[in-house]
Amino acid sequence: MSNATNKLPKLFIPGPVDISPETYQAMCQPMIGHRGGDFEALYASIQPGLKQIFGTERPVYLSTSSAWGVMEGAIRNLVQKKVLNLCCGAFSDKWYGVSQSCGKEAEKIQVEWGEAISPDAVREKLSEGGFDTVTLVHNETSTGVMNDLAGIAAVVNEFPDVLLVVDTVSSLSAVPIEMDKLGIDVVLAGVQKAFALPPGLAVFAISEAALERASTTEGRGYYFDFLEFDKNAAKNNTPSTPAIALLYALKQQVDSFLEEGLENRYARHEKLNGMIHAWLEKHGFEHFAPEGYRSKTLTTIANNKDIDVAAFIKALREKYNFLINGGYGKIKGTTFRISNMGNETEATMTELIDALDDVLPEFL
Ligand SMILES: *Cc1c(COP(=O)(O)O)cnc(C)c1O
């Protein structure tokens, strides 16, 4: 399974990220039926840790899907009048399109890629009236911008009939997220990024207000029906057959987060992220994201030195078998991205930085 033997590169891309041997091992446990005590015990055993990570007293639901399943599900469950999509990069921009494709009335606040969403702009837009839901991508994995979650949540909470849905795919467990304290109505994440699990599972929690809203929304469908998740969660179960091997892995990872200590985990991410910041500054590269809004889990580096990004990445892979990412969507080539999510340590980041230092000069 090790990357060295199968020649697949060690991943420093912002998702999927590198998986630990302990996680793979956890997945290789005997299969169990999901309508029985063994499964319910497994499900229940993960809840306390997940609640801590989400900062919530609410149940945390497990969806056998990638994050988009729940992102679309939130639109289908919650939007009755009109949704405001806050757009600042590839994932948040796409959410606006998904709202429309669900047949919902949607408007957006669009900022340039590389900028953050301003809470004041959200207040101004919501003041126009007619909205019942807002979507926010906390950590825009494409641009490396981390939005002001507390500031935006406070503004949305000035409008009591408006629900706030937050994508924390690349931030949950790596930085503190206080769902209940901030008054967020939906927090969701896929597990292949900050959680460092193989893809195929999403975790999410919803407020009582969101559950109440969903109960009167028509056309929720079945697979992502929030009421189905809630009904089953009361029995430590899921609406349909879950990815049980991934739940074994989730249990192992959540336990490992708690063993490390969440505060230590947050501090580790901040420190490793700082190592990449120091690297790019040392070489005269610029940050794509503005100061004060930089992600702690990945770095989007502006290619102000105009290197051949694709060739640089190829050389890094050929010589060291490390993979970084060459920029997402329309900023491909003009940026590149390095992840410090998941299980990375000072040692693995140092190895990467030494390799980057070695390979970079021939591209300058
Ligand atoms: C990766 C990512 C997604 C999409 O996740 P899928 O697993 O493709 O559904 C959504 N939002 C953010 C911020 C992401 O980084």
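A brief structural summary. Positions within a chain are numbered from 1, following the residues in the order the chain's sequence is written. Thresholds applied to this predicted model are a pLDDT of at least 70 for local features of residues and 80 or more for the giving and counting of side-chain atom pairs; totals over whole chains, interfaces and linings are not thresholded and use all residues. Side-chain metrics in this entry use all non-hydrogen atoms of the structure; hydrogen atoms and water are not considered.

This paragraph deals with empty space enclosed by the protein. Here a cavity is any set of points on a 1 Å grid over the protein atoms alone where a 1.4 Å probe fits but cannot get out, and a pocket is any open set with protein on both sides within 12 Å along at least 5 of 7 lines; a residue lines the site when it has an atom within 4 Å of a point. Grid points are joined across faces, edges and corners, and a volume is the space filled by probe spheres set on the points. On inspection of all chains with the given rule, the structure shows two cavities of 30 Å³ or more. Taken together, Leu62, Ser63, Thr64, Tyr223, Phe229, Thr238, Pro239, Ser240, Thr241 and Pro242 form the lining of the largest cavity. Any residue that is not Ala, Val, Leu, Ile, Met, Phe, Trp, Tyr, Cys, Pro, Asp, Glu, Lys or Arg is counted as polar, Gly included; the first ten are nonpolar and the last four charged. Across the lining of the largest cavity, the residue classes tally to five nonpolar, five polar and no charged. If you add up the space inside the second largest cavity, you get close to 40 Å³. Gly144, His277, His287, Ala289, Arg294, Ser295, Leu298, Thr299 and Thr300 together form the lining of the second largest cavity.

Here we come to helix H6 (residues 119–126). All of the buried residues along H6 are Pro119, Val122, Lys125 and Leu126. One side of H6 holds all its buried residues, which, seen down the axis, span an arc of 125°. Structural note: H6 exposes Asp120 and Glu124 on the side pointing more than 90 degrees away from its buried face. Close packing links the buried residues of H6 with strand S3 (83–87), strand S4 (106–110), strand S5 (133–137) and helix H7 (149–156). Between buried and exposed lies partly exposed: a residue is buried under 20% and exposed over 50% of the maximum accessible area for its type, with that area taken using a 1.4 Å probe on protein chains only. Elements are defined by DSSP. Helices are runs of H or I of four residues or more, strands are runs of E of two residues or more, and each kind is numbered from the N terminus. Arc definition: it is the arc formed by the directions from the helix axis to the C-beta atoms. Contact between two residues is taken to exist if any of their heavy atoms lie within 4.5 Å; hydrogens are not considered.

As a further point, take the sheet that holds strand S10 (residues 202–206). Here, strands pair whenever DSSP counts at least two bridges between them. What the seven strands build is an open sheet, ordered S2-S10-S9-S8-S5-S3-S4; its pairing is mixed. Since the sheet does not close on itself, it has two edges, and those belong to strand S2 (61–63) and S4, each with one partner. Strand after strand, the sheet turns through a mean of 20° between neighbouring axes, direction not considered. Where strand S9 (residues 186–190) meets S10, five bridges bridge the pair, whose relative direction is antiparallel. Considered in S10, the bridge of Leu188 is made with Phe204. Only C-alpha atoms enter the line fits that serve as axes; for helices the fit covers just the stretch in contact. Angles between N-to-C directions range over 0 to 180 degrees.

In this text, near means that some heavy atom of the residue lies within 4 Å of the molecule or strand in question. The environment of the ligand is formed by Ser66, Ala67, Trp68, Met71, Phe91, Val137, Asn139, Thr141, Asp167, Val169, Gln192 and Lys193. Whenever two N or O atoms come within 3.5 Å, that pair is a polar contact, provided that in protein one can donate a hydrogen and the other can accept it, and provided that, for residues adjacent in sequence, both atoms are side-chain atoms. The separation between an oxygen atom of the ligand and a polar main-chain atom of Trp68 is 2.9 Å. Here a nitrogen atom of the ligand and a side-chain polar atom of Asp167 are 2.5 Å apart. Top contributing element to the shell around the ligand by residue count: helix H4 (residues 67–78), with three residues. A breakdown of the residues in the shell around the ligand according to their chemical character gives six nonpolar, four polar and two charged.

The next subject is a negative patch on the surface. For patches, a residue must show more than 30% relative accessible area and have no salt bridge; joins then use 9 Å for like charges and 5 Å for nonpolar side chains, namely Val, Leu, Ile, Met, Phe, Trp and Tyr. For accessible areas, the Shrake-Rupley method is used with a probe of radius 1.4 Å. Any residue's cover is judged against the shown protein chains and nothing else. Any Lys or Arg side-chain nitrogen located within 4 Å of an Asp or Glu carboxyl oxygen qualifies as a salt bridge. Charge assignment: positive for Lys and Arg, negative for Asp and Glu; neither His nor the chain ends contribute. Charge positions are represented by NZ for Lys, CZ for Arg, CG for Asp and CD for Glu. Together, Glu57, Glu178, Asp180 and Glu263 give the surface a local cluster of negative charge. Examined against the element boundaries, Glu263 turns out to sit in helix H12 (residues 262–282).

Turning next to the packing of aromatic side chains. What counts as a ring pair is set by centres within 6.5 Å for rings of Phe, Tyr and Trp (its six-membered ring), and what kind of pair is set by the plane angle: stacked under 30 degrees, edge-to-face over 60, tilted for all other angles. Enumeration over the complete set of coordinates arrives at 15 aromatic pairs. Centre to centre, the rings of Phe12 and Phe322 are 5.4 Å apart; their planes meet at 85°, and the pair counts as edge-to-face. Taken as a pair, Phe12 in the loop between strand S1 (10–11) and helix H2 (21–27) and Phe322 in strand S13 (residues 322–323) lie far apart in primary sequence, 310 residues in all. In this structure Phe12 comes out as buried when scored by relative accessible area, which is 1%. When the ring of Phe204 is compared with that of Phe226, the centres are 5.3 Å apart and the planes differ by 35°; the resulting orientation is tilted. Here Phe204, found in strand S10, pairs with Phe226, found in helix H10 (residues 226–233); they are 22 residues apart in sequence, far enough to count as distant. Since its relative accessible area comes to 1%, Phe226 is described here as buried. Among the aromatic residues, those joined into a cluster by ring pairs are Trp279, Phe285, Phe312, Phe336 and Phe363. Geometry around Phe12 places Lys10 over its ring, the cationic atom sitting 4.6 Å from the centre. Our definition puts a charge over a ring when NZ of Lys or CZ of Arg is within 6 Å of the ring centre and also within 35 degrees of the ring normal.

For helix H11 (residues 244–260), spanning 17 residues, the distance from its first C-alpha to its last is 24 Å, which sits close to the expected 24 Å at 1.5 Å a residue. Those residues of H11 that sit buried are Ile244, Leu246, Leu247, Tyr248, Ala249, Leu250, Gln252, Gln253, Val254 and Phe257. Check the buried side of H11 and you find it contacts H2, helix H3 (37–54), S2, S10 and H12. Gly261 sits one or two residues past H11 and shows a positive phi near 95°. A helix's residues, less one, multiplied by 1.5 Å, set its expected span.

A separate point is the sheet that holds strand S12 (residues 298–302). Taken together, the three strands give an open sheet; going across it, the order is S11-S12-S14, and neighbouring strands pair in antiparallel fashion. Each edge of the sheet is formed by a strand with only one pairing partner; in this case those strands are strand S11 (286–287) and strand S14 (335–339). Across five bridges, S12 lies against S14 in antiparallel orientation. Residue Ala302 lies in a different strand from S14, and its bridge partner there is Thr335. Strands S11, S12 and S14 of the sheet are contacted by H12, whose axis makes an angle of about 15° with S12.

As for its position among the elements, Gln252 is in helix H11. Given a relative accessible area of 17%, Gln252 falls into the buried group. If sequence neighbours within four positions are ignored, Gln252 has contacts with Ser20, Glu22, Thr23 and Ala26.

By nonpolar core is meant a set of buried Ala, Val, Leu, Ile, Met, Phe, Trp, Tyr and Cys residues that side-chain atoms within 4.5 Å join together. Counting 85 residues, the largest nonpolar core has Leu188, Phe195, Val203 and Leu250 as its most contacted members. Of the residues forming this core, the biggest block, eight residues, is contributed by H11. With near-sequence residues (within four places) excluded, Leu250 lies in contact with Ile46, Leu50, Leu62, Phe195, Leu197, Leu201 and Val203. Core analysis: the second largest hydrophobic core is formed by 28 residues, Ile313, Ile338, Met349 and Val359 among them.

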